[in-house]
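Letter by letter, the chains look like this.
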Amino acid sequence: MLQHSLQLIKELLFPQICAGCGAWFSPLCPYCYNTLSFHILPKTFRLSDNSKMIVWSMLEFDDKVRTLIHRLKYQGMHETAPLLADLLYFATYIPPIDIIVPVPLHQNRQHQRGYNQSELLANRLTHHLQTPTIPALLKIADSGQQAKTHSKTERLQNLIGNFVLAPEYQASISGKRILILDDVLTTGATLTACGEVLLRANPSEILGLTIAH
Ligand SMILES: [Zn+2]
């Protein structure tokens, strides 16, 4: 109990504590960094035009990665984004691409959070790669509870309906290699839905990258 309270006070006063062991003054200490599990093999998803969307995820979703992502998404600690994006750049294979497209948040959610974590990650990658980040997707609805009776295809169709192409960026997608960036890959449904919407603008290739899986 005391241990837990002390940890909480440290979290509040000093956000720069290790997400793994709680050591002070670093969001991820060298010891815990060395225990991260990096993924090597990408996953492949098939899109409706029969093209393949290859998705790389950098890290296994263990407790310390969960803590880092939680800080980024729910604790307002946007300074976690450059740390994770630097890891992406220095420690992960990033395929040749022309444009980075962050998975969007619904505007209500973004307003609540103050930022879109995927966009922060993308902007930092742009800084490293000199590849532009373009907010080519908009999220126009939040998927509510979905009836369990819906088939996988119906669920995907519902999810696709949550996203639209931002009209002003359609032309810049055409013929380009697009990297969709998100924080966490779970089933791949969100990235697949984003990929399907981007297909309408005729990119030459759609790829995905996430911090964790
Ligand atoms: Zn540590």
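This is a predicted model, so every value here is computed, not measured. (Residues numbered from 1 in each chain as written. Predicted model: local features only at pLDDT ≥ 70, side-chain atom pairs only at ≥ 80, totals over all residues. Heavy atoms only, no water.)

A tally of regular secondary structure across the chain gives nine helices and seven strands. Its C-alpha atoms give the chain a radius of gyration of 18 Å, near enough to 17 Å, the size a compact globule of 213 residues would have. Taking all 213 residues of the chain together, the buried fraction comes to 45%. Put simply, 72% of the contacts in the chain that link residues at least 6 apart link residues at least 24 apart. As displayed, the chain offers around 11500 Å² of accessible surface, 55% of which is attributable to carbon and sulfur atoms. Computing the positive centroid from 18 side-chain charges and the negative centroid from 16, the chain places the two 4 Å apart. (Helix = DSSP H or I, 4+ residues; strand = E, 2+ residues; numbered from the N terminus. Rg over C-alpha atoms; globule rule 2.2 N^0.38 Å. Buried < 20%, exposed > 50% of the residue type's maximum accessible area, 1.4 Å probe, protein only. Contact = heavy atoms within 4.5 Å. Areas by Shrake-Rupley, 256 points an atom, 1.4 Å probe, with all protein chains shown as cover. Lys, Arg positive; Asp, Glu negative; His and termini not counted. Charge placed at Lys NZ, Arg CZ, Asp CG, Glu CD.)

Quick look at the nonpolar core now. Grouped together as the largest cluster of nonpolar side chains are 32 residues, with contacts concentrated most on L88, L121, L125, L181, L209 and I211. When contributions to this core are tallied by element, the ones reaching two or more residues are β2 (52-59), α3 (63-74), α4 (80-91), α6 (117-129), β6 (177-184) and β7 (205-212). Here the element with the most residues in this core is α4; it accounts for five residues. When residues are assigned to domains, this core turns out to be shared by domain 1 (1-35) and domain 2 (36-212), each giving three or more. In this structure, I211 is in contact with S57, M58, L59, I69, L84, L88, L121, D182 and D183, ignoring residues within four places of it in sequence. Among the nonpolar cores identified, the runner-up in size contains 26 residues, and V101, I134, L137 and L185 belong to it. (Core = buried A, V, L, I, M, F, W, Y, C linked by side-chain atoms within 4.5 Å. Domains from an automatic or database assignment.)

Here the focus is the pairing of β7. Along β7, seven of the eight residues are buried, which leaves the element largely enclosed by surrounding structure. Taken together, the five bridges between β2 and β7 define a ladder with parallel strand orientation. The residue bridging S57 from the neighbouring strand is T210, located in β7. Pairing analysis gives seven bridges linking β6 to β7, with the strands arranged parallel. The residue bridging R177 from the neighbouring strand is E205, located in β7. (Pairing = 2+ DSSP bridges.)

Moving on, we come to the sheet that holds β6. Across the sheet, five strands lie side by side as β1-β2-β7-β6-β3; this open sheet has mixed pairing. Strands with a single pairing partner mark the edges of an open sheet, and in this sheet they are β1 (43-46) and β3 (99-102). For this sheet, the mean angle separating the axes of adjacent strands, direction not counted, is 25°. Against the sheet, α6 touches β3, β6 and β7, its axis set at about 130° to β6. (Axes fitted to C-alpha atoms, helices over the stretch in contact; angles between N-to-C directions.)

Moving on to the coordination of the zinc ion. Surrounding the zinc ion are the protein donor atoms C18 (SG), C21 (SG), C29 (SG) and C32 (SG), which sit 2.3 to 2.4 Å from the metal. Taken together, the four donor atoms surrounding the zinc ion define angles of 102 to 114° at the centre, an arrangement classified as tetrahedral. Here the donor residues of the zinc ion are spaced in sequence according to C-x2-C-x7-C-x2-C. Here C18 is found in the loop between α1 (2-13) and α2 (30-33), whereas its partner C29 is found in the loop between α1 and α2, with 11 residues between them in sequence. By relative accessible area, C29 is classed as buried at 9%. (Donors = N, O, S within 2.8 Å, 3.2 Å for Na, K, Ca; no water. Tetrahedral: all angles 85-135°; square planar, octahedral: opposite > 155°, others 65-115°.)

Right, let's get into the packing of α4 against α6. Look at α4 against α6: their axes get within 8 Å of each other, and the N-to-C directions meet at 45°. Comparing the axis directions of α4 and α6 gives the class oblique. You can see that α4 and α6 cross each other, and the crossing is right-handed. Facing A81, P82, L84, A85, D86, L88, Y89 and F90 of α4, the residues of α6 in contact are L120, L121, R124, L125, H128 and L129. Residue classes in the contact of α4 with α6 are distributed as 11 nonpolar, one polar and two charged. (Parallel < 35°, antiparallel > 145°, perpendicular 65-115°, else oblique. Left-handed = near helix turned anticlockwise from the far one by under 90°. Nonpolar A, V, L, I, M, F, W, Y, C, P; charged D, E, K, R; others polar.)

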